[in-house]
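So the chains spell out like this:
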Amino acid sequence: MTTQHPENTKPADRKVVLVTGASSGIGAAVAARLAAEGHQVVAGARRTGHLRALAESTAEAAARSGGGLQPVRLDVTDRADVAASVQAARDLHGRVDVLVANAGVMPLSRLDSLLVDEWDRMIDVNVRGLLHGIAAALPVFAAQGSGHFVTVASIGAHQVVPTGAVYCGTKYAAWAITEGLRQECDPSIRVTTISPGVVDSELADTITDPGAAEAMRAYRAHAIGPDTIAGAVSYALAQPADVDVNEIVVRPVRQR
Ligand code: NDP
């Protein structure tokens, strides 16, 4: 996969990118990589200490390429918070070119465990969080006459597994919402879904159900690194303005 490298991101190709869920895993890798490639990244999540550490560890590479990484406290379940983050990016850089809707949680369990609060949390973060991002960025992209939505969905947007009914349901929804957005959007706005397989991150830490946690240990044994997913995002961003990468599915070769 050809992706941008710091030395070949021309100033005209540098973008202002808001990444949600940038405090760990895939979001942190996306934010760090894009900043190192010369983009101005606004990195949002609730754990601002993690974001500050990411900004520090990225500063040198970002400075070399003309990029940057600015932390912003963000809870995607709060519509006003998401709107404020988009506005923060505009205040800092005058525009927003890309929204990477990545924030997600995955407290897997069988439905008969009745962990209803966890179902609600997945719907709030994985679905409502995405919708809040669209609501905040769509008018901005329309007014600018350009923009790019990148949704981090999942292999779980394509197949359901036991303990994954609600999580996969939220990812099917994320896939459908993003595809609907693509069909409705003006051609000046690009829309991409990235569907990762098993990636090394903190995602499985949100599982409280002991059976689901045990099953996940074997399932996640062959995880690939989050920078691979960052590379897929970078690839989608780097295409010419008239090219829309609609979906990229990336999984470990060992994952069936
Ligand atoms: P991590 O748990 O490492 O990262 C999840 C990120 O989401 C964190 O930065 C967390 O930040 C953020 N987040 C959670 N809740 C909220 C919230 N309410 N508001 C803002 N940010 C929030 O997991 P991954 O990196 O793996 O997950 C990233 C995305 O990738 C998710 O959408 C996940 O479903 C998807 N995915 C992951 C796969 C994998 O195997 N890892 C496979 C397929 C898809 P904080 O807690 O600081 O707010």
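Right above here is the structure, for reference.
Residues numbered from 1 in each chain as written. Predicted model: local features only at pLDDT ≥ 70, side-chain atom pairs only at ≥ 80, totals over all residues. Heavy atoms only, no water.

### So, the overall build of the protein chain
Defined as follows: The helix and strand labels rest on DSSP assignments: H or I over at least four residues marks a helix, E over at least two residues marks a strand, and numbering proceeds from the N terminus. Only C-alpha atoms enter the radius of gyration, while the globule expectation follows 2.2 Å times N to the 0.38, with N the number of residues. Exposure categories follow from relative accessible area, calculated using a 1.4 Å probe and restricted to protein chains: below 20% of the type maximum is buried, above 50% is exposed, and the middle band is partly exposed. Contacts between residues were defined by any pair of non-hydrogen atoms, one from each residue, lying within 4.5 Å. Computed with a 1.4 Å probe, the accessible areas rest on the Shrake-Rupley method; for each residue, only the protein chains presented here act as cover. None of His or the chain ends enter the tally, which takes Lys and Arg as positive and Asp and Glu as negative. To locate a charge, the coordinates of NZ of Lys, CZ of Arg, CG of Asp or CD of Glu are taken.
Each helix and strand counted, the protein chain has seven helices and seven strands in total. Mapped from its N terminus to its C terminus, the protein chain presents α and β elements in the order β-α-β-α-β-α-β-α-β-α-β-α-α-β. Expected size for 256 residues packed as a compact globule is a radius of gyration near 18 Å; at 17 Å, the protein chain falls within 12% of this value. Taking the principal axes of the C-alpha coordinates as reference, the protein chain spans close to 50 × 35 × 35 Å. By residue count, 51% of the 256 residues in the protein chain fall in the buried class. Counted over contacts in the protein chain with a minimum sequence separation of 6, partners at least 24 positions apart contribute 74%. Carbon and sulfur atoms provide 53% of the accessible area of the protein chain, an area that totals close to 11600 Å². Side chains of the protein chain carry 23 positive and 27 negative charges; the gap between the two charge centres is 3 Å.

### Things to note about the side chain of Lys171
Defined as follows: Between N or O atoms, a polar contact is any pair within 3.5 Å; within protein, one atom must be a potential hydrogen donor and the other a potential acceptor, and residues adjacent in sequence are included only when both atoms are from side chains.
For Lys171, the position within the fold is in helix 5 (residues 165-184). Separated by 3.2 Å, the side chain of Lys171 and the backbone oxygen of Val152 make a polar contact. Once you skip the residues sitting within four places of it in the chain, Lys171 turns out to touch Asn126, Val152, Ala153, Ser154, Gly156 and Ala157.

### Here's the deal with helix 3 (residues 79-93)
As a reminder, the rule being used: Here the expected length of a helix is defined as 1.5 Å per residue gap, with one fewer gap than residues. This arc is taken over the directions from the axis of the helix to the C-beta atoms.
Here helix 3 spans 22 Å end to end across 15 residues, near enough to the 21 Å set by a 1.5 Å rise per residue. Looking at helix 3, one finds that the buried residues are Asp81, Val82, Ser85, Val86 and Ala89. For helix 3, the angular spread of the buried residues around the axis is 145°, confining them to a single face. Those residues of helix 3 that are exposed and angled more than 90 degrees off the buried face are Arg79, Ala80 and Asp91. Residues of helix 3 that are buried sit in contact with strand 1 (16-20), strand 2 (40-45), strand 3 (68-73) and helix 4 (116-144). Gly94, located one to two residues past helix 3, shows a positive phi value of around 85°.

### Section: the pattern of salt bridges
What counts here: Salt bridges are identified by distance alone: a Lys or Arg side-chain nitrogen within 4 Å of an Asp or Glu carboxyl oxygen.
Overall, the coordinates contain ten salt bridges when judged by the stated rule. Between Arg110 and Asp112 there is a salt bridge whose closest N-O contact spans 2.9 Å. Given a relative accessible area of 54%, Asp112 falls into the exposed group. One salt-bridge network, held together by shared partners, links Arg33, Glu37 and Asp227.

### Looking at the pairing of strand 1
In summary, the side chains of a regular strand alternate between the two faces of the sheet. What counts here: The criterion for strand pairing is that DSSP finds at least two bridges linking the strands in question.
The element strand 1 is extensively covered by neighbouring structure, given that five of its five residues are classed as buried. Alternating residues of strand 1 divide into Val16, Leu18 and Thr20 and Val17 and Val19, and every residue in both groups is buried. With five bridges joining them, strand 1 and strand 2 adopt parallel strand pairing. Bridging across to strand 2, Leu18 finds its partner in Val42. The pairing of strand 1 with strand 4 (residues 98-101) spans three bridges and is classified as parallel. Bridge assignment links Val19 to a residue of strand 4, and that residue is Val100.

### Here we look at the site of the ligand
Rules: We define proximity as follows: a residue is near a molecule or strand when any one of its heavy atoms falls within 4 Å of that partner. Think of it as three bins: nonpolar holds Ala, Val, Leu, Ile, Met, Phe, Trp, Tyr, Cys and Pro, charged holds Asp, Glu, Lys and Arg, and polar takes everything else, Gly as well.
Residues in contact with the ligand amount to 31 residues; listed here are only the nearest, Ser23, Ile26, Arg46, Tyr167 and Ser201. Within the contact set of the ligand, an oxygen atom lies 2.7 Å away from a side-chain nitrogen or oxygen of Arg46. At 2.9 Å from a nitrogen atom of the ligand is found a main-chain nitrogen or oxygen belonging to Val76. Here the ligand, which alone exposes 880 Å², has 96% of that area covered by the protein. Of all the elements in the fold, those that place two or more residues in the shell around the ligand are helix 1 (25-36) and helix 5. For the shell around the ligand, the class distribution of residues is 15 nonpolar, ten polar and six charged.

### A word on the sheet that holds strand 3
Sheet strands pair via backbone hydrogen bonds, and the direction of the pair is either parallel or antiparallel. Stated formally: The angle between two axes is taken between their N-to-C directions and runs from 0 to 180 degrees, where each axis is a line fitted to C-alpha atoms and a helix contributes only its stretch in contact.
Spatially, the seven strands line up as an open sheet ordered 3-2-1-4-5-6-7, and their pairing is parallel. Either end of the sheet is taken by a strand with one partner, and the two such strands are strand 3 and strand 7 (247-250). In this sheet, neighbouring strand axes are inclined to one another by 15° on average, regardless of whether the strands run parallel or antiparallel. Together, strand 5 (147-152), strand 6 (189-196) and strand 7 form the strand contacts of helix 5, whose direction differs from that of strand 6 by roughly 160°.

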